[in-house]
Amino acid sequence: MTGRIGWVDATGGLSGDMLLGACLDAGADLAVVRAAIDRLDLRERVEVTSEPTQRAGIGATRAIVSTAESRHRRTLPDVLALLEGLDPAVRTPAAEVFRHLADAESTVHRVPAEEVHFHEVGALDSIADVVGVVAALGSLGLDRLMCSPIALGGGRARTEHGPIPVPGPAVVELLRAHDAPGFGGPVDIELATPTGVALMVTLADGFGPLPELRPELVGAGAGAAEPEGHANLTRLVVGSPVATGAAAVREMVLEANVDDLDPRLWPGVLTALMEAGASDAWLTPILMKKGRPAHTLSVLARPDLVAELERVVLAHTTTIGLRRHAVDKVALPRETAEVEVYGEQVRVKLARLDGEVVTATPEYDDVARVAALKGLPERVVLDAARAAAGDVER
């Protein structure tokens, strides 16, 4: 069954420090956050503290990241180099956040992503916000993270380039590129920063209202501003799912039509995609213009893995482009059990509907392994595994 779920309420605003404050307020370990930031390859010291506060009468935590550094312009390669010393569980998603930021700024400024100069986002406090949030969410042990539609604010905001309209171009591009929902208002100030939005389009598995869950932890992170008539808060609700029927989650489908790849390479392509984290990958035979036979490669992906899986497609096939669109995936709660077959362990995938097992599927790789070890036909071992799985169901 799906484990612990987190839901970010961004209807009051969203920034890196607000999200970090919400995580800490919900019980994330500040020591874990500090340890992750200390592993950054920095010359300057970065301090992370927190303090209790209120916004519109609601108790919250404000996360404060302090550094002696003056504003610093960094490029994507500069930032990625700072992240090199991090544990991979923190480094990989943090790097993806900055890649998405660079891609958005690249589109806005129409320069290559590697040449984008991060301004506010390239400062050490913003880098620490990203690393801190990734580490904090990891310390909460989430299996899935969802996010509400994001309040963006309105009016105009001051930047190094001068006043710009709110929502800013980079924020709008991040939402567009990742099919994420946002809305203007409810007040005329900047409520969602590029860092906050980049964190959610990278880390969230989907967007929507609070999913059905039993709340266990609740946290609120306060922003620095206190606009009249608005609670400038990001909230985090953490809980366990209610064991009911199938649950809908938002995923992405990546597609490419390929007519010039040696067919013998396709099994390796599908294997590479699955090893990179694809939920599924498959081929559909098609007929292209001028009667050319071809295949449509389709990849089902969590939003946070889209960029990596796109790289796999572009590296392992001959396509020079692909399509992406969001889908709602309905999935039954599932779990893995082990059964003994001819003295060996075979994994069995169990799927439940309203708490009852409706399918029990032996892992075929395990079946093949046992068949080879015992010198038996795979069909015989598969039948034995299915019979043993029936006992697990009861």
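Refer to the structure printed above.
Quick caveat: nothing in here was measured; it's all calculated off a predicted structure. (Residues numbered from 1 in each chain as written. Predicted model: local features only at pLDDT ≥ 70, side-chain atom pairs only at ≥ 80, totals over all residues. Heavy atoms only, no water.)

A.B. asks: Is there a simple way to explain helix H8 (residues 266-275) in this structure?
C.D. replies: It helps to recall that an α-helix has 3.6 residues per turn; residues three or four apart then point in one direction. All of the buried residues in H8 are Trp 266, Val 269, Ala 272 and Leu 273. Along the axis of H8, the buried residues cluster in a sector spanning 120°; they form a single face. Opposite the packed face of H8, turned more than 90 degrees from it, sit the exposed residues Pro 267 and Glu 275. Taken from the residues just after H8, Gly 277 is the one with a positive phi, measuring 110°. (Buried < 20%, exposed > 50% of the residue type's maximum accessible area, 1.4 Å probe, protein only. Helix = DSSP H or I, 4+ residues; strand = E, 2+ residues; numbered from the N terminus. Arc of directions from axis to C-beta.)

A.B. asks: Help me understand the sheet that holds strand E17 (residues 344-353), please; the structure alone is not making it clear to me.
C.D. replies: Sheet strands pair by backbone hydrogen bonding; their relative direction is either parallel or antiparallel. Reading across the sheet, the three strands line up as E16-E17-E18 and stay open at both edges, with antiparallel pairing between neighbours. Each edge of the sheet is formed by a strand with only one pairing partner; in this case those strands are strand E16 (334-341) and strand E18 (356-362). Taken pair by pair, the neighbouring strands of this sheet meet at an average axis angle of 35°, ignoring direction. In this fold helix H10 (residues 364-374) packs onto E16, E17 and E18, with an angle of close to 155° to the strand it touches most, E17. (Pairing = 2+ DSSP bridges. Axes fitted to C-alpha atoms, helices over the stretch in contact; angles between N-to-C directions. Contact = heavy atoms within 4.5 Å.)

A.B. asks: How should unusual backbone geometry be read in this particular structure?
C.D. replies: A negative phi angle is the norm for most residues apart from glycine, just as the trans form is the norm for most peptide bonds. Residue Pro 167 is reached from Val 166 by a cis peptide bond, and omega for that bond is 5°. Looking at the secondary structure, you find Pro 167 in the loop between strand E7 (164-165) and helix H6 (169-177). The omega angle of the peptide bond from Gly 185 to Pro 186 is 5°, so this bond is cis rather than trans. Along the chain, Pro 186 falls in the loop between strand E8 (182-184) and helix H7 (194-203). The residue Lys 290 is not glycine, and still its phi comes out positive at about 65°. Note on placement: Lys 290 falls in the loop between strand E13 (280-287) and strand E14 (293-301). Judged by its relative accessible area of 79%, Lys 290 falls in the exposed class. Although it is not a glycine, Tyr 342 adopts a positive phi angle of roughly 50°.

A.B. asks: How should I be thinking about the layout of surface pockets in this particular structure?
C.D. replies: Regions of empty space are outlined by a rolling probe, equal in size to a water molecule, passed over the atoms. In this structure, the second largest pocket spans a volume of roughly 1200 Å³. In this structure, the second largest pocket is lined by 41 residues; those nearest its centre are Glu 120, Val 121, Glu 190, Thr 193 and Pro 194. Only helix H1 (16-25), strand E3 (58-67), helix H4 (88-109), helix H5 (124-139), H6 and H7 provide two or more residues apiece to the lining of the second largest pocket. Looking at which element gives the most residues to the lining of the second largest pocket, the answer is E3, with four residues. Taken together, the residues of the lining of the second largest pocket break down into 19 nonpolar, 13 polar and nine charged. (1 Å grid on protein atoms, 1.4 Å probe; cavity = no way out; pocket = protein on both sides within 12 Å on 5 of 7 lines; lining within 4 Å. Points joined across faces, edges and corners; volume = space filled by probe spheres on them. Nonpolar A, V, L, I, M, F, W, Y, C, P; charged D, E, K, R; others polar.)

A.B. asks: Where do I start with the pattern of salt bridges in this structure?
C.D. replies: Once their charged atoms are close, side chains differing in charge can pair, the charge on each being opposite to the other. Under the defined criterion, the tally for this structure stands at 21 salt bridges. The partner of Arg 311 in a salt bridge is Glu 96, with the nearest N and O atoms 3.9 Å apart. Of this pair, Arg 311 sits in helix H9 (residues 306-316) while Glu 96 sits in helix H4, and the two are 215 residues apart along the sequence. Assessed through its relative accessible area of 36%, Arg 311 is described here as partly exposed. Measuring nitrogen to oxygen at the nearest pair gives 3.9 Å for the salt bridge that ties Glu 344 to Lys 374. You can see Glu 344 sitting in strand E17 and its partner Lys 374 sitting in helix H10, a full 30 residues away along the chain. (Salt bridge = Lys/Arg side-chain N within 4 Å of Asp/Glu carboxyl O.)

A.B. asks: Looking at this model, I keep getting lost on H10. Mind explaining?
C.D. replies: Within the sequence span of H10, burial applies to Asp 366, Val 367, Val 370 and Ala 371. All buried residues of H10 lie within an arc of 135° about the axis, which places them on one face of the element. In H10, the exposed positions that point more than 90 degrees away from the buried face belong to Asp 365, Ala 372 and Leu 373. Directly beyond the C-terminal end of H10, a positive phi value near 65° is found at Gly 375.

A.B. asks: I keep staring at the side chain of Asp 205 and nothing clicks. Help me out?
C.D. replies: Structurally, Asp 205 is set in the loop between H7 and strand E9 (206-207). One polar contact links Asp 205 to Arg 302, side chain to side chain, over a distance of 3.3 Å. Asp 205 has contacts with Asp 143, Arg 144, Leu 145, Met 146, Arg 250, Arg 302, Pro 303 and Asp 304, leaving out every residue within four places of it along the chain. (Polar contact = N/O pair within 3.5 Å; in protein donor to acceptor, adjacent residues only side chain to side chain.)

A.B. asks: I tried to follow empty space enclosed by the protein on my own but got confused; where do I start?
C.D. replies: Using the criterion set out here, one finds one cavity of 30 Å³ or more in the structure. Counted as a void, the largest cavity has a volume near 50 Å³. When residues of the lining of the largest cavity are traced back to their parent elements, those giving at least two are E9 and strand E12 (247-258). Here the lining of the largest cavity is built from residues that sort into four nonpolar, two polar and two charged.

A.B. asks: Would you mind showing me how to read the environment of Val 172 here?
C.D. replies: As for its position among the elements, Val 172 is in helix H6. Sequence separation of Val 172 and Val 197 is 25 residues, and the distance between their C-alpha atoms is 9.3 Å.

A.B. asks: Any chance you could explain the nonpolar core here in plain terms?
C.D. replies: Among soluble globular proteins, nonpolar side chains are generally buried collectively. Ranked by size, the top nonpolar core spans 67 residues in total, and within it Leu 83, Phe 98, Ile 150 and Leu 236 carry the most contacts. Broken down by element, this core gets its largest block of residues, 10 residues, from H5. Aside from chain neighbours lying at most four places away, what touches Ile 150 is Ala 10, Leu 14, Leu 175, Pro 181, Gly 182, Phe 183, Ala 192, Val 197 and Phe 207. Counting 19 residues, the second-largest nonpolar core is a separate cluster that includes Leu 254, Ala 256, Ala 278 and Leu 305. (Core = buried A, V, L, I, M, F, W, Y, C linked by side-chain atoms within 4.5 Å.)

A.B. asks: How should the pairing of strand E4 (residues 144-147) be read in this particular structure?
C.D. replies: For a regular strand, the rule is simple: side chains alternate between the two faces of the sheet. The alternating pattern of E4 places Arg 144 and Met 146 on one face and Leu 145 and Cys 147 on the opposite face, and all of these are buried. Bridge count for strand E1 (residues 5-9) against E4 is four bridges, and the pairing is parallel. Within E4, the position partnered with Trp 7 by the bridge is Met 146. Across two bridges, E4 lies against E9 in parallel orientation. When the bridges of E9 are listed, Met 146 appears paired with Gly 206.

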